[in-house]
Amino acid sequence: MKLADNKATLSFSNGKPAIELPVYSGNIGPDVIDIRKLYGQTGMFTYDPGFLSTASCQSAITYIDGDKGELLYRGYPIEQLAENCDFLETCYLLLKGSLPNATEKKSFTDLVTHHTMVNEQMQFFLRGFRRDAHPMAILTGLIGALSAFYHDSTDINNPEHREISAIRLIAKLPTLVAMAYKYGIGQPYMYPQNNLSYAGNFLRMMFATPCEEYKVNPVIEKALDRIFILHADHEQNASTSTVRLCGSSGTNPFAAIAAGVACLWGPAHGGANEAALNMLYDIQNQGGVAKIGEFIKQVKDKNSSVKLMGFGHRVYKNYDPRAKLMQQTCNEVLTELGLEKDPLFALAKELEKIALEDEYFVSRKLYPNVDFYSGIVQRAIGIPVNLFTGIFALARTVGWIAQLNEMIGDPEYKIGRPRQLFTGSPRRDVPPIAKR
Ligand code: CMC
């Protein structure tokens, strides 16, 4: 962060003296006005619900140019990472800042692979849940519970603890997601198998049973790995900001990541792929392609709360580069599985086409986001709809950890504490109960 060569001047119409505020430049992207001294100098706060105009931190991890439709992890375009790297290389990149060479890749992969098992006691904890519990409810609980199982890595201020908890979280998330799934369907858990890739091992833990051999399909393995890469980080989104805010109190990394999982669950964030697929099912049940026009009408109606799920993004106002890659993966998976004529995929493509030509969506710069197609891919792979957000959480864990660790290492970091514009009652006295 460097001082820009200009300053901002804030003046007031009531004769209060104007104040000058420093401006900082990043390496790319918009400059920021430093308002930290604003309250001290003026007795005023800024008002920015939803943080539409607020940079809450400096970060060197992920950069998004919403107008260009560009996503960079540590400077590398997402398209190149998706083509040339696997998920664990991407994890290394996000955590450490550079891509691993062959030796580094091998030792990082070994390290993650040898932490995939969870404490055996976790399965008894899992048994406390109802079998029909939503996997995200289970995951929030299981991930929070990791801090009760791994006492030796809970000090966020200790770099070694941060390092080992990072590896544990990345390694154990697939195991926990698969356990949550198996528990729901009443099948035995499958222990991780260390000779498989990260994605291959996850597929086996999800879909194998102890009764027969399971062979990982390389096309599905690659597709899943790509889903993980595309969801690995997305700068200061709601769940990442939640992890940072939660971690800023000095809580342990497992608790902070559990907070992120809880935030991700919401339909406006990670829950959107589930919501997008349910929307496609609804349209299909009501008559399919022929009903798209009617559905779009409802979406555009100001009095209805219906949204085109999987469309729109707070930052991308041109296109979501992840959506393009996901559409390509979608084609590959459906072809591999002989589902090219899948009616839901055909419906999604038609819906996208119509929406992209419609003035309502064009004028608001609403384009398909990553979740529009990721649900179709996951459904084709056999992942149940209510587990989609769990897969997102699994992939995003590395981003959350990288951001959390970056925050702890930032000399400017403070406990997060937003202010408010109070609109409630001024001071008043409690009347006796008979007079209320
Ligand atoms: N369908 C219909 N209208 C929409 C949609 C949509 N999906 N998204 C935004 N709009 C309209 C909105 O009603 C508003 O219209 P108007 O100006 O007439 O009031 C305008 O577009 C601007 O919307 P906004 O709500 O101010 O935009 P936002 O930046 O606050 O919201 C969003 C971004 C992602 C929450 C929203 O687009 C949305 O709810 N999309 C559907 C859910 C979804 O797909 N979310 C996944 C996001 S990508 C995964 C991730 O990174 O988490």
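Up top you'll find the structure we're talking about.
Residues numbered from 1 in each chain as written. Predicted model: local features only at pLDDT ≥ 70, side-chain atom pairs only at ≥ 80, totals over all residues. Heavy atoms only, no water.

Q: Outline the overall build of the protein chain, listing residues and values.
A: Looking only at helices and strands, one finds 18 helices and six strands in the protein chain. Against the globule reference of 22 Å for 436 residues, the protein chain gives a C-alpha radius of gyration of 24 Å, in line with a compact fold. Projected onto its principal axes, the C-alpha coordinates of the protein chain cover approximately 80 × 65 × 60 Å. Relative to its full complement of 436 residues, the protein chain shows a buried share of 46%. Accessible surface, the protein chain as shown: approximately 22,100 Å² in total, 53% of it carbon and sulfur. Of the side-chain charges in the protein chain, 45 are positive and 45 negative, and the distance between the mean point of each set is 7 Å. (Helix = DSSP H or I, 4+ residues; strand = E, 2+ residues; numbered from the N terminus. Rg over C-alpha atoms; globule rule 2.2 N^0.38 Å. Buried < 20%, exposed > 50% of the residue type's maximum accessible area, 1.4 Å probe, protein only. Areas by Shrake-Rupley, 256 points an atom, 1.4 Å probe, with all protein chains shown as cover. Lys, Arg positive; Asp, Glu negative; His and termini not counted. Charge placed at Lys NZ, Arg CZ, Asp CG, Glu CD.)

Q: Any details on helix α3 (residues 87–96)? Residues and values, ideally.
A: Most of α3 is tucked away, with eight of its ten residues classed as buried. Among the residues of α3, F87, L88, E89, T90, C91, Y92, L93 and L94 are the ones counted as buried. Of the residues that open α3, the one with a side-chain oxygen 3.2 Å from the backbone nitrogen of L88 is D86. Just past α3, the residue G97 takes up positive phi, approximately 100°. (Polar contact = N/O pair within 3.5 Å; in protein donor to acceptor, adjacent residues only side chain to side chain.)

Q: Lay out the sheet that holds strand β3 (residues 32–33) in plain terms, naming residues and giving numbers.
A: The sheet built from three strands is open, its strands ordered β1-β2-β3 with antiparallel pairing. Lying at the two open borders of the sheet, with one neighbouring strand each, are β1 (2–10) and β3. (Pairing = 2+ DSSP bridges.)

Q: Just give me the short version of the packing of aromatic side chains, but keep the residues and values in it.
A: Taken as a whole, this structure holds 14 aromatic pairs when the rule is applied. Pairing F311 with F361 gives two aromatic rings, centres 5.8 Å apart and planes at 70°, and the pair type is edge-to-face. Of this pair, F311 sits in the loop between α13 (292–300) and α14 (321–336) while F361 is found in helix α16 (residues 359–363), placing the two residues 50 residues apart along the sequence. The rings of F311, F345, Y360, F361, F372 and Y373 are connected pair by pair, giving a single aromatic cluster. Sitting above the plane of the Y360 ring, R364 keeps its charged end 3.8 Å from the centroid. Between R419 and the ring centre of Y39, over which it is positioned, the NZ or CZ distance is 5.8 Å. (Phe/Tyr/Trp six-rings, centres within 6.5 Å; stacked < 30°, edge-to-face > 60°. Lys NZ or Arg CZ within 6 Å of the ring centre and 35° of its normal.)

Q: Just give me the short version of the pattern of salt bridges, but keep the residues and values in it.
A: In a structure, side chains of opposite charge can pair up when their charged atoms sit close to one another. Scanning the entire structure with this criterion turns up 18 salt bridges. With its nearest N and O atoms 3.8 Å apart, the salt bridge here joins K222 to E332. On the criterion of sequence distance, the pair formed by K222 in helix α9 (residues 218–230) and E332 in helix α14 is long-range, its members being 110 residues apart. Accessibility expressed as a relative area gives 33% for E332, which makes it partly exposed. (Salt bridge = Lys/Arg side-chain N within 4 Å of Asp/Glu carboxyl O.)

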